[in-house]
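Residue-level structural notes
Read off the chains here:
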Amino acid sequence: MKYHVVTFGCQMNTADSIEMSAALNAKGMNAVSSLEEADIVLVNTCTVRQQAEHRALSLLGRLKEWKTAREGRLVILTGCAAERIKDEVHWRMPQVDLTVGAKDIDRFSQRLDELLGDSFDWRSETSESFTEEPSPAARGTKGFVAYVTIMRGCNYSCSYCIVPAVRGREIYRPLETILGEVKAGVESGAKETLLLGQTVNSYHHDGRDFSELLTQIDRVPGLKRTRFISPHPHYMNTRTIDTIATLPTVCEHVHLPVQSGSDLILKRMRRNYDRVGYIKAVNYLREKIPNVSVTTDLIVGFPGETEEDFKQTLTLVGEIGFDSAYCFKYSPRPGTTAAESVDDVPRQTKEERLARLLEATEAQAARRASQMVGSVQEILTEEILELPDTKGIQWATGRTRGNWNVRCQLDINSIVKPGDLVAVKLTAAHGRSLEGNICSA
Ligand code: SAH
Ligand code: SF4
Ligand code: F3S
């Protein structure tokens, strides 16, 4: 049997999709890249904003036809939107054969057995098409990055956010399990590990905290880079920052979602920090880690957000100088506290604020990019573009430790392969796109 996975949402979902694919592989099934070839489709959904949920669920609408086109085809619905609507799926979407919500990802394999039951003899299939159970970490590796979930759920209660409702309370994985996954990831070719969780820096298990976890991961032989998303500003204390600053594998990049620059809005969002506290954390980061990339998430049009509040966000953006920012229009999510307030910022105003914010953050990113031109950066090569461009130049793509994408020019004798770490001299910035030449392999 062949399966195809479609993933919506954040990197937590990507990690979950890799994990669920491993469960399908363990039953002797093979992943295919098109729906047309597939017998099973797994749709892993997001519900963080209404539009995110809508995109995932409208795909399900289109799958009705896909399903009837060939007998025996199966539709599996998983993830955060699945968790939210799981009680209604059977009557709203009869084309769905199995629903596994985000809280049940660890039980995916078992649920799959229940679905396949008599209809599919996976044991016999396994013996032919499958030799060995993949190691826990090989499961989480994508490209040269080992995706490692260090915690599930979220104990915060940001008033706009549906994640705690669909992912549940925080559960931390044991440090040894995490280390084992990082090690196995490196053994299967990963150069970088990406530690995942909703508030990763709140990690604690058996008396060991996030700093201890980073310190142990840093010692894994062969690991070149460590990243994590998302830390919460509330836990970004000096101990954590000092640890990040001293460990060689931990990249000079911190994604620190601020959401708003207005103290009034931050309070109503229940974020547990204020503007000054956030700025202090970023200043300390920059003092300890020169050239650190700081990126963020921002929301416009939260209920009650005035032009004055929004301007506070714009001035914060100006003050910090983010390397990049994901900007969102507030979307009321059923069941959240904020959704009880009237969504009173008109759509047009939200759109206009979003456009102003994007203009400001893009300009800032372009400025940061141009400041880097002339510097030499370590790039993790991800892809060698197959064809030379119209001028006959061969390109590779990769990422800096600060998480900037770079297009690198290869010379004719270059022996660079995907996964190589190379020194690249940055030669040009076009907006926020960087270009460079490889200095050494
Ligand atoms: N745990 C992370 C965020 C996870 S959700 C943190 O606290 O930093 C990813 C981003 O989606 C959030 O940072 C926020 O900017 C955005 N988001 C969440 N709920 C939203 C909503 N209801 N409307 C608009 N954006 C939202
Ligand atoms: Fe949502 Fe807040 Fe938890 Fe992040 S910290 S997932 S924004 S509730
Ligand atoms: Fe979406 Fe769930 Fe991630 S709601 S943003 S996929 S945690």
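Residues numbered from 1 in each chain as written. Chains lettered and ligands numbered in written order. Predicted model: local features only at pLDDT ≥ 70, side-chain atom pairs only at ≥ 80, totals over all residues. Heavy atoms only, no water.

Residues in close proximity to ligand 3 include Gly9, Cys10, Asn13, Cys46, Thr47, Val48, Cys80, Arg167 and Gln198, which together make up its full environment. Residues that form the shell around ligand 3 fall into these classes: 4 nonpolar, 4 polar and 1 charged. (Near = heavy atom within 4 Å. Nonpolar A, V, L, I, M, F, W, Y, C, P; charged D, E, K, R; others polar.)

A few words on the layout of surface pockets. Gaps left between atoms are located by rolling a probe of water-molecule size over the structure's atoms. The computed volume of the second largest pocket comes to approximately 320 Å³. Lining the second largest pocket are 15 residues, with Pro290, Asn291, Ser293, Met372 and Gln377 positioned closest to its centre. When contributions to the lining of the second largest pocket are tallied by element, the ones reaching two or more residues are α14 (347-372) and β17 (376-384). Of the residues contributing to the lining of the second largest pocket, the split by class is 3 nonpolar, 7 polar and 5 charged. Both of domain 2 (136-371) and domain 3 (376-438) provide at least three residues apiece to the lining of the second largest pocket. (1 Å grid on protein atoms, 1.4 Å probe; cavity = no way out; pocket = protein on both sides within 12 Å on 5 of 7 lines; lining within 4 Å. Points joined across faces, edges and corners; volume = space filled by probe spheres on them. Helix = DSSP H or I, 4+ residues; strand = E, 2+ residues; numbered from the N terminus. Domains from an automatic or database assignment.)

Further remarks concern the sheet that holds strand β4 (residues 74-79). Pairing in this open sheet of 5 strands is parallel, and the strands run β2-β1-β3-β4-β5 from one edge to the other. Lying at the two open borders of the sheet, with one neighbouring strand each, are β2 (30-31) and β5 (98-101). Packed onto the sheet, helix α2 (residues 50-69) meets β1 (2-7), β3 (40-45) and β4 and runs at close to 170 degrees relative to β3. (Pairing = 2+ DSSP bridges. Contact = heavy atoms within 4.5 Å. Axes fitted to C-alpha atoms, helices over the stretch in contact; angles between N-to-C directions.)

The next thing to look at is the domain arrangement of the protein chain. How big an interface is tends to be stated in terms of the accessible area lost upon association of its parts. The domain architecture assigned to the protein chain consists of domain 1 (2-125), domain 2 (136-371) and domain 3 (376-438). Residue-level contacts link 21 residues of domain 1 with 24 residues of domain 2. Approximately 2000 Å² of surface area, both sides summed, lies buried where domain 1 meets domain 2, with 61% of it carried by carbon and sulfur atoms. If you sort the residues of domain 1 by the area they bury against domain 2, Met12, Ile18 and Arg49 come out on top, with a joint share of 31%. At the boundary of domain 1 and domain 2, one finds 5 salt bridges. With its nearest N and O atoms 3.3 Å apart, the salt bridge here joins Arg152 to Asp106. (Buried area = accessible area lost by both parts, 1.4 Å probe. Salt bridge = Lys/Arg side-chain N within 4 Å of Asp/Glu carboxyl O.)

A word on the packing of aromatic side chains. Enumeration over the complete set of coordinates arrives at 7 aromatic pairs. Ring centres of Tyr273 and Tyr278 lie 6.2 Å apart, and the angle between their planes is 40 degrees; this geometry places the pair in the tilted category. Here Tyr278 falls in the buried class, since its relative accessible area comes to 0%. Both rings, one in Phe302 and one in Tyr330, keep their centres 5.5 Å apart while their planes meet at 70 degrees; by these two values the pair is edge-to-face. Here Phe302 is found in the loop between β15 (293-300) and α13 (307-320), whereas its partner Tyr330 is found in the loop between β16 (324-329) and α14, with 28 residues between them in sequence. A residue is classified by how much of its surface remains accessible, and Phe302, at 3% relative accessible area, is buried. (Phe/Tyr/Trp six-rings, centres within 6.5 Å; stacked < 30°, edge-to-face > 60°. Buried < 20%, exposed > 50% of the residue type's maximum accessible area, 1.4 Å probe, protein only.)

This next bit is on the site of ligand 2. The environment of ligand 2 is made up of Cys154, Tyr156, Cys158, Tyr160, Cys161, Val163, Pro164, Gln198, Thr199, His232 and Arg271. For the shell around ligand 2, the class distribution of residues is 7 nonpolar, 3 polar and 1 charged.

Bringing the sheet that holds β15 into the picture now. An order of β14-β15-β16 is seen for the 3 strands of this open sheet, with the pairing classed as parallel. Every other strand in the sheet has two partners, leaving β14 (253-255) and β16 as the edge strands with one partner each. Between one strand axis and the next, the sheet turns through 10 degrees on average, direction left out of account. Here β15 pairs with β16 via 6 bridges, running parallel. Within β16, the position partnered with Thr295 by the bridge is Ser324. Across the sheet, α14 touches β15 and β16, and the angle it forms with β16 is around 180 degrees.

Relative to the elements of secondary structure, Glu435 occurs in strand β21 (residues 433-440). For Glu435, the side chain forms a polar contact with the side chain of Arg407, separated by 3.4 Å. A distance of 3.1 Å separates a polar atom in the side chain of Glu435 from a polar atom in the side chain of His430. The residues touching Glu435, leaving out its near neighbours within four places in the chain, are Trp395, Val406, Arg407, Lys425, Leu426, Thr427, Ala428 and His430. (Polar contact = N/O pair within 3.5 Å; in protein donor to acceptor, adjacent residues only side chain to side chain.)

The next subject is unusual backbone geometry. The omega angle of the peptide bond from Ile229 to Ser230 is -15 degrees, so this bond is cis rather than trans. As for its placement among the helices and strands, Ser230 is situated in the loop between β13 (225-229) and α10 (238-246). Positive phi outside glycine occurs at Asp206, with the angle close to 50 degrees. On the secondary structure map, Asp206 appears in the loop between β11 (204-205) and β12 (208-209). Residue classification places Asp206 among the exposed positions, given a relative accessible area of 66%. For Asn272, which is not glycine, the phi torsion reads 70 degrees and is therefore positive. With respect to the secondary-structure elements, Asn272 resides in the loop between α11 (263-269) and α12 (275-288). Residue classification places Asn272 among the exposed positions, given a relative accessible area of 52%.

Summed over the entire model, instances satisfying the criterion amount to 36 salt bridges. Residues Arg353 and Glu305 are paired through a salt bridge, measuring 2.9 Å at the closest nitrogen-oxygen approach. With Arg353 in helix α14 and Glu305 in the loop between β15 and α13, the pair connects residues that are 48 residues apart, well separated along the chain. Residue classification places Glu305 among the buried residues on the basis of a relative accessible area of 5%.

With 8 of 8 residues buried, β15 is to be regarded as a mostly interior element. Both faces of β15 are covered, namely the face carrying Ser293, Thr295, Asp297 and Ile299 and the face carrying Val294, Thr296, Leu298 and Val300. By the bridge criterion, 3 bridges tie β14 to β15 in an arrangement that is parallel. Paired with Val254 across the strands is Val294, a residue of β15.

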